[in-house]
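# An overview of the molecular structure
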Amino acid sequence: MSRNDFQSEKLYQATMSMARKMLHDGLISEEDYRQIDTIFLEKYRPVFGTLFSDLSLTSGA
């Protein structure tokens, strides 16, 4: 994994962690969360992020 790949992964995971917290706290809907995920998947192109993008909604994380 290159330094740029790692940086992109880190930024994506941090962003989605905040989005999951907002979803859990009822500040955004599941649809909002999915839109945020789509936007940031396109922006950061994470290596591993796509493996976990659907898990976070079903696991309650």
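Numbers given for residues are sequential positions, taken from 1 along each chain in its written order. Predicted model: local features are reported for residues with pLDDT of at least 70 only, side-chain atom pairs are reported and counted for 80 or more only, and whole-chain, interface and lining totals are derived from all residues. Values shown for side chains rest on all heavy atoms present in the structure; no hydrogens or waters enter the calculation.

## Here's the deal with the overall build of the protein chain
Secondary structure elements follow DSSP: runs of H or I no shorter than four residues count as helices, runs of E no shorter than two count as strands, and numbering proceeds from the N terminus. In terms of helices and strands, the protein chain carries four helices and zero strands. The linear arrangement of helices and strands in the protein chain, starting from the amino end, is α-α-α-α. The cut-offs for exposure are 20% and 50% of the maximum accessible area for each residue type, with area from a 1.4 Å probe on protein chains only; residues under the lower value are buried, those over the upper are exposed, and the others partly exposed. Of all 61 residues assigned to the protein chain, the portion counted as buried reaches 26%. Residue contacts follow a heavy-atom distance rule, with two residues in contact if any of their heavy atoms lie within 4.5 Å. Contacts spanning at least 24 positions in sequence make up 55% of the contacts within the protein chain whose residues lie at least 6 apart. Surface exposure here means Shrake-Rupley accessible area, sampled with a 1.4 Å probe, where a residue is shielded only by the protein chains that are shown. As displayed, the protein chain offers around 4400 Å² of accessible surface, 57% of which is attributable to carbon and sulfur atoms.

## Thoughts on helix α2 (residues 30-44)
In this model α2 runs 21 Å from its N-terminal to its C-terminal C-alpha over 15 residues, within 8% of the 21 Å that 1.5 Å per residue would give. Backbone geometry just after α2 places R45 at a positive phi near 45°. The span expected for a helix works out to 1.5 Å for each residue beyond the first.

## Quick word on the environment of R20
Mapped onto the elements of the fold, R20 is located in helix α1 (residues 3-24). Judged by relative accessible area, R20 falls into the buried class, the value being 19%. Sequence separation of R20 and D37 is 17 residues, and the distance between their C-alpha atoms is 9.9 Å.

## Considerations on a nonpolar patch on the surface
A cluster of nonpolar side chains, contributed by M1, F6, V47 and F48, occupies part of the molecular surface with about 410 Å² of accessible area. By the element assignment, V47 lies in the loop between α2 and α3 (49-52). Note on patches: the residues involved have over 30% relative accessible area and no salt bridge, like charges join within 9 Å, and the nonpolar side chains Val, Leu, Ile, Met, Phe, Trp and Tyr join within 5 Å. Should a side-chain nitrogen of Lys or Arg be within 4 Å of a carboxyl oxygen of Asp or Glu, the pair is scored as a salt bridge.

## As for the packing of α1 against α2
Only the stretch in contact is used when a helix axis is fitted, and all axes are lines through C-alpha atoms; the angle between N-to-C directions ranges over 0 to 180 degrees. Packing of α1 against α2 brings their axes to within 10 Å, and their N-to-C directions diverge by 175°. Our classification of the angle between α1 and α2 gives roughly antiparallel. Contacts from S8, L11, Y12, T15, M16, A19, R20 and L23 of α1 reach α2 at E30, Y33, I36, D37, F40, L41 and Y44. Lys, Arg, Asp and Glu make up the charged group, whereas Ala, Val, Leu, Ile, Met, Phe, Trp, Tyr, Cys and Pro make up the nonpolar group; the residues left over, Gly among them, are polar. Residues belonging to the contact of α1 with α2 are distributed by class as follows: 10 nonpolar, two polar and three charged. Any angle between 65 and 115 degrees counts as roughly perpendicular, while under 35 counts as roughly parallel, over 145 as roughly antiparallel, and the rest as oblique.

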